[in-house]
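What follows is each chain in one-letter form.
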Amino acid sequence: ALFALILLFILLIFRLQRYRIRVREEMGRQMATLQMKAIKNQLDPHFTLNVLNSIGSLYASEGSREQADYIFGKYARLIRETVISSDQIIIPLADEMEFIKNYIDLERFRCNDAFSYKIETDPDIDLQKKIPRMLIHTFVENSIKHGLKDSSGNGVLKISVRNEPGRLIINIEDNNSDSGKKHELSTGKGLTIIKELIDLYFRLEKVQIVFSLDPILSDSDQMTGRIVQIVIPG
């Protein structure tokens, strides 16, 4: 009886471990699906054709070959990073930031330099810290699509990464556009994906990432920009 009880206990632990592995694998697949949706949204056919057509126009113009080579190199690196990390749902912060830089440069090219950008990173930041893939990029993409691309050269995107005791703080700030119009904060597909991604990441890694998305208002209560703050514990 004692032997049977011990055997039953071992079997129960074994099945529990298998169940946990299956749950973890399923959450990993769900995260990968969400991230691929974000990639598909960002590297859609319109984006790709627009970039390639613009590069082709540069190659056809005298004196623009050097710029065409530069932009093509950016696009090639973006595609390369997408392919290399296609099977990764969690990546180093350094890889996410490199992807973002290439993406921003391509979007500035597409928008005829409608906005500028600045990235500030504390020198003591651990660039190998693991984060969900596409976490920061989705907010950056949101800022560009919902304001900065129409900024007529006056748009500014600021990204800062800094350490605080026990947590990593990432701020993404934009001045929206120079039109002075009141804009809605986007709650589209990108942010829906992010919320689901953060929930799955918590269930998978037991790390609770939180974010806030707030308007920047002028004295006349006009929305002049947006600021996103991402807080990652650890």
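Residues numbered from 1 in each chain as written. Predicted model: local features only at pLDDT ≥ 70, side-chain atom pairs only at ≥ 80, totals over all residues. Heavy atoms only, no water.

Take the nonpolar core next. By size, the foremost hydrophobic cluster in this structure holds 42 residues, and its most contacted members are Ile136, Val140, Ile172 and Ile230. Residue assignment for this core shows that the elements contributing at least two residues are α2 (45-60), α3 (65-84), α4 (93-110), α5 (135-145), β4 (155-164), β5 (167-174), α6 (189-205) and β7 (223-233). With residues near it in sequence (within four places) discarded, isoleucine 172 still touches Ile136, Phe139, Val140, Ser143, Leu157, Lys158, Ile159, Arg226, Ile227, Val228 and Ile230. (Core = buried A, V, L, I, M, F, W, Y, C linked by side-chain atoms within 4.5 Å. Buried < 20%, exposed > 50% of the residue type's maximum accessible area, 1.4 Å probe, protein only. Helix = DSSP H or I, 4+ residues; strand = E, 2+ residues; numbered from the N terminus. Contact = heavy atoms within 4.5 Å.)

For the coordinates displayed, the defined rule picks out 1 aromatic pair. Their ring planes at 55° and their centres at 5.0 Å tell us that phenylalanine 139 and phenylalanine 211 sit as a pair that is tilted. One end of the pair, phenylalanine 139, is in helix α5; the other, phenylalanine 211, is in strand β6 (residues 210-217), with 72 residues separating them in the sequence. Residue phenylalanine 211 is classed as partly exposed on the basis of its relative accessible area of 25%. The residue whose ring lies beneath lysine 206 is phenylalanine 202, and the NZ or CZ to ring-centre distance is 5.9 Å. (Phe/Tyr/Trp six-rings, centres within 6.5 Å; stacked < 30°, edge-to-face > 60°. Lys NZ or Arg CZ within 6 Å of the ring centre and 35° of its normal.)

Before going further, it helps to examine unusual backbone geometry. Within the chain, aspartate 113 stands out as a residue other than glycine whose phi angle is a positive 55°. Within the secondary structure layout, aspartate 113 lies in the loop between α4 and β2 (115-121). A relative accessible area of 43% means that aspartate 113 is categorised as partly exposed. Despite not being glycine, methionine 134 has its phi angle at roughly 75°, a positive value. Among the secondary structure elements, methionine 134 is positioned in the loop between β3 (130-132) and α5. On the accessibility criterion, methionine 134 (3% relative accessible area) is buried.

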